[in-house]
Amino acid sequence: MFGLSELAVILIVVIAVLCAKKLPELARSAGKSARILKAEARAMKDEDDPATPRVIPGETVPPGTDEPKDQGGREPRQ
C-alpha cells in the first residue's frame, strides 16, 4: 500500500492543517528557546575559561603585592 515516506508526508500535511493556527506561536517559542539555550551555552563556556585574566586598563598589580599601581608604577592617589 503506502510506504514509510508517503505516510510521513501525509502525517505532516494533516498536522499542518489541524494546527495551522498554532504554528506561528510554536515557531516563535522554538526560536526563543534556541536563543536562550545558545546564550546559556556561551555563558558556561566563558565561565570554564579561567586562563584569560581580566584586564583593567590603567592599573597593574606587581607580583607579590596586593595594591594596584598606576601605569608609572606609583601608588594611585586617593
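Residues numbered from 1 in each chain as written. Predicted model: local features only at pLDDT ≥ 70, side-chain atom pairs only at ≥ 80, totals over all residues. Heavy atoms only, no water.

Caption draft 1: Region of interest: the overall build of the protein. Counting its regular elements, the protein contains two helices and zero strands. Taking all 78 residues of the protein together, 1% fall into the buried category. Taken as a whole, the protein presents about 7,700 Å² of accessible surface, with 63% of it coming from carbon and sulfur. (Helix = DSSP H or I, 4+ residues; strand = E, 2+ residues; numbered from the N terminus. Buried < 20%, exposed > 50% of the residue type's maximum accessible area, 1.4 Å probe, protein only. Areas by Shrake-Rupley, 256 points an atom, 1.4 Å probe, with all protein chains shown as cover.)

Caption draft 2: Quick look at helix α2 (residues 23-47). The first and last C-alpha atoms of α2 sit 36 Å apart over 25 residues, in line with the 36 Å expected at 1.5 Å per residue. Buried residues are scarce in α2, accounting for zero of its 25 residues. (Expected span 1.5 Å × (residues − 1).)

Caption draft 3: A nonpolar patch on the surface, seen in detail. A cluster of nonpolar side chains, contributed by Phe2, Leu7, Val9, Ile10, Val13, Val14, Val17 and Leu18, occupies part of the molecular surface with about 780 Å² of accessible area. Of note, Leu18 is situated in helix α1 (residues 4-18). Overall, Leu18 belongs to the exposed group, its relative accessible area being 68%. (Patch = residues over 30% accessible without salt bridge, like charges linked within 9 Å, V, L, I, M, F, W, Y side chains within 5 Å. Salt bridge = Lys/Arg side-chain N within 4 Å of Asp/Glu carboxyl O.)

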